[in-house]
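# Descriptive analysis of the structure
Spelled out from the first residue to the last, the chains are:
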Amino acid sequence: MTESEAGLHPVKIADVKVILTAPNGIRLVVVKVLTSEPGLYGLGCATFTQRPLAVATAIEKYLKPFVIGRDVDRIEDIFQAAYVSSYWRSGPVLNNALSGIDQALWDIKGKRANMPVYQLLGGKCREAVPVYVHASGQDFKEVEEKARAFMEQGFRYIRCQVNIPGLTTYGSKGGKVIPALDHSQTRTWEPTPYVRTIPKLFEHLRVTLGDDVELLHDVHERIPPIQGVWLAKALEPYRLFFLEDLFAPEDVEYFRMVRQQTATPLAMGELFVNSSEYVPLIKDRLIDFIRVHISDIGGFTMARKLAAFCEFMGVRTAWHGPGDVSPVGHAANMHLDLAIPNFGIQELALFPEETKAVFPGCPQVHDGCMWANDKPGWGIDIDEKLAAEFPFPEDKYGGAWPEIRRLDGTVIKP
Ligand code: MG
């Protein structure tokens, strides 16, 4: 039976546009797939904010000619064909490019069905999506006050990061440039003062904020693995909701070690791009939350399969959701969050007004949750004229992550 016999008239991919925009100074890459049906198009997130032009080139030069003329309804087939069309596959550039097309096709599928995408997955498992927000400060008191302000706004999950004096601590401002190295982006970092400080931070937060709030922390792969093992054990009394990226992707074998020593819940994976990286950790139940960045693993088609696999293994989801996921990507996160039983939590960088203006239909945030509208597809659009008013900021390094170095000058992971 053909699609038209099944009740759908055939629609082809007519064109693919890459939209580069930087509202609030954050470089975003959004893909618009246009179709042979006038007015019918879809949007997808392809944001790799540190290398956005590489993604744009991968789409313009390779994926666009590859998908034009194909049937918009064959999402899985297009995903599989595009994924292997480069032979050498996966990696953040090609996966983000593929995600832009893939998510746009899901948006089109929802619009053709006249349903929000979460309906295509079986419907809502929950009314809205609980989110966690970021409280960062120069000292314990400032972190506490910011967390308390979020609690008063109805947020129940808060990631807490504190500055370590003299160092550039992930998630907080501060640190200093190394004068000996003539590189404007170089920042300093030492792991030992950090691992000594963090258990004291969470002791302070539990004493002052009480037990009703869920607290999270991101190590951001910055410390030697054995110090990570020590830190996870030292934090156990403070009952974190999760401890994130305790190890770098290169050191994931340490999860076997830490797992036997502490019940601190572990979240991992925003840097993963390949199923070979995350499947072993999930299969062996070595982590509690999968943290992948959905566009970095290839898009929605891949993420919904990953969510189902995690469900069987007792692993919950916590999709990466910083400011450098476009609102289209946040909407995709949210639709998946709504429809899966093993949802854990959703990270959210609160959308600035400028960003909301560029993306009409941007998910609403209130009562500690992200709320979907009931429009077909992702329920979100882009104002291309306004988007063009926010070009990428000029930067010698094109948005690269700043260098982080030990006090002796050694480069470490960011
Ligand atoms: Mg993180």
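Let us look at the structure shown here. (Residues numbered from 1 in each chain as written. Predicted model: local features only at pLDDT ≥ 70, side-chain atom pairs only at ≥ 80, totals over all residues. Heavy atoms only, no water.)

## Let's talk about the coordination of the magnesium ion
At this site the magnesium ion is bound by D218 (OD), E244 (OE) and E270 (OE), with donor distances of 2.0 to 2.2 Å. Mapped onto the polypeptide sequence, the residues donating to the magnesium ion form the spacing pattern D-x25-E-x25-E. With D218 in strand β7 (residues 214–218) and E244 in strand β8 (residues 242–244), this pair connects stretches of sequence that are 26 residues apart. There is no split in this pair, since D218 and E244 are both buried. (Donors = N, O, S within 2.8 Å, 3.2 Å for Na, K, Ca; no water. Helix = DSSP H or I, 4+ residues; strand = E, 2+ residues; numbered from the N terminus. Buried < 20%, exposed > 50% of the residue type's maximum accessible area, 1.4 Å probe, protein only.)

## A few points about the pattern of salt bridges
The full count for this structure, using the stated rule, is 24 salt bridges. One salt bridge in this structure joins K111 and D107, with 3.6 Å as the shortest N-O distance. With a gap of four residues between them, K111 and D107 both fall in helix α3 (residues 92–113), about one helical turn apart. Put simply, E270 and R291 hold a salt bridge, and the shortest N to O gap is 3.6 Å. Of this pair, E270 sits in the loop between β9 (266–268) and α9 (275–283) while R291 sits in the loop between β10 (289–290) and α10 (300–313), and the two are 21 residues apart along the sequence. A cluster of three or more residues bridged by salt bridges with shared partners is formed by E244, E270, R291 and E347. (Salt bridge = Lys/Arg side-chain N within 4 Å of Asp/Glu carboxyl O.)

## Focus on the nonpolar core
In this structure, F202, F255 and I290 are the most contacted members of the largest nonpolar core, which totals 115 residues. The residues touching I290, leaving out its near neighbours within four places in the chain, are M268, Y278, I282, L306, C310, V315, R316, T317, A318 and W319. (Core = buried A, V, L, I, M, F, W, Y, C linked by side-chain atoms within 4.5 Å. Contact = heavy atoms within 4.5 Å.)

## Digging into the packing of α3 against α10
Between α3 and α10, whose axes approach to 8 Å, the crossing angle comes to 85 degrees. Between α3 and α10, the angle is such that the two are roughly perpendicular. From α3, D102, Q103 and W106 reach across to α10, where they touch F300, T301 and R304. Within the contact of α3 with α10, the residues separate by chemical class into two nonpolar, two polar and two charged. (Axes fitted to C-alpha atoms, helices over the stretch in contact; angles between N-to-C directions. Parallel < 35°, antiparallel > 145°, perpendicular 65-115°, else oblique. Nonpolar A, V, L, I, M, F, W, Y, C, P; charged D, E, K, R; others polar.)

## Describing the sheet that holds strand β3 (residues 41–45)
Taken in spatial order, the three strands make up an open sheet running β1-β2-β3, and their pairing is antiparallel. The open sheet has two free edges, formed respectively by β1 (13–21) and β3, since each of these has just one partner strand. Across the sheet, the mean angle separating the axes of adjacent strands is 20 degrees when strand polarity is ignored. Sheet analysis places strand β2 (residues 28–35) next to β3, joined by five bridges and oriented antiparallel. Across the sheet, the residue bridging to L34 is Y41, located in β3. The strands that α3 touches are β1, β2 and β3; relative to β3, the one it contacts most, it runs at about 140 degrees. (Pairing = 2+ DSSP bridges.)

## Here we look at the packing of aromatic side chains
Within this structure, the stated rule accounts for 14 aromatic pairs. Relative to W378, the ring of F300 lies with its centre 5.0 Å away and its plane at 70 degrees, an arrangement referred to as edge-to-face. Note that F300 is positioned in helix α10 and W378 in the loop between β14 (369–371) and α13 (384–387), a separation of 78 residues in sequence. For the pair F300 and W378, a shared accessibility class is recorded, and that class is buried. Here the aromatic residues Y132, Y157, F241, F242 and F289 are joined through ring pairs into a cluster of three or more. Seen from the ring of Y41, K32 lies directly overhead, with NZ or CZ sitting 4.1 Å from the centre. Sitting over the ring of Y41, K111 keeps its end group 4.3 Å from the ring centre. (Phe/Tyr/Trp six-rings, centres within 6.5 Å; stacked < 30°, edge-to-face > 60°. Lys NZ or Arg CZ within 6 Å of the ring centre and 35° of its normal.)

## Focus: the environment of D107
The exposure class assigned to D107 is buried, which follows from its relative accessible area of 0%. Along the sequence, D107 and D139 sit 32 residues apart, while their C-alpha atoms lie 44 Å from each other. Residues in contact with D107, not counting those within four places in the same chain, are Y41, G42, L43, P376, G377 and W378. Within the local environment of D107, its side chain forms a polar contact with the backbone nitrogen of L43, the two atoms lying 2.9 Å apart. (Polar contact = N/O pair within 3.5 Å; in protein donor to acceptor, adjacent residues only side chain to side chain.)

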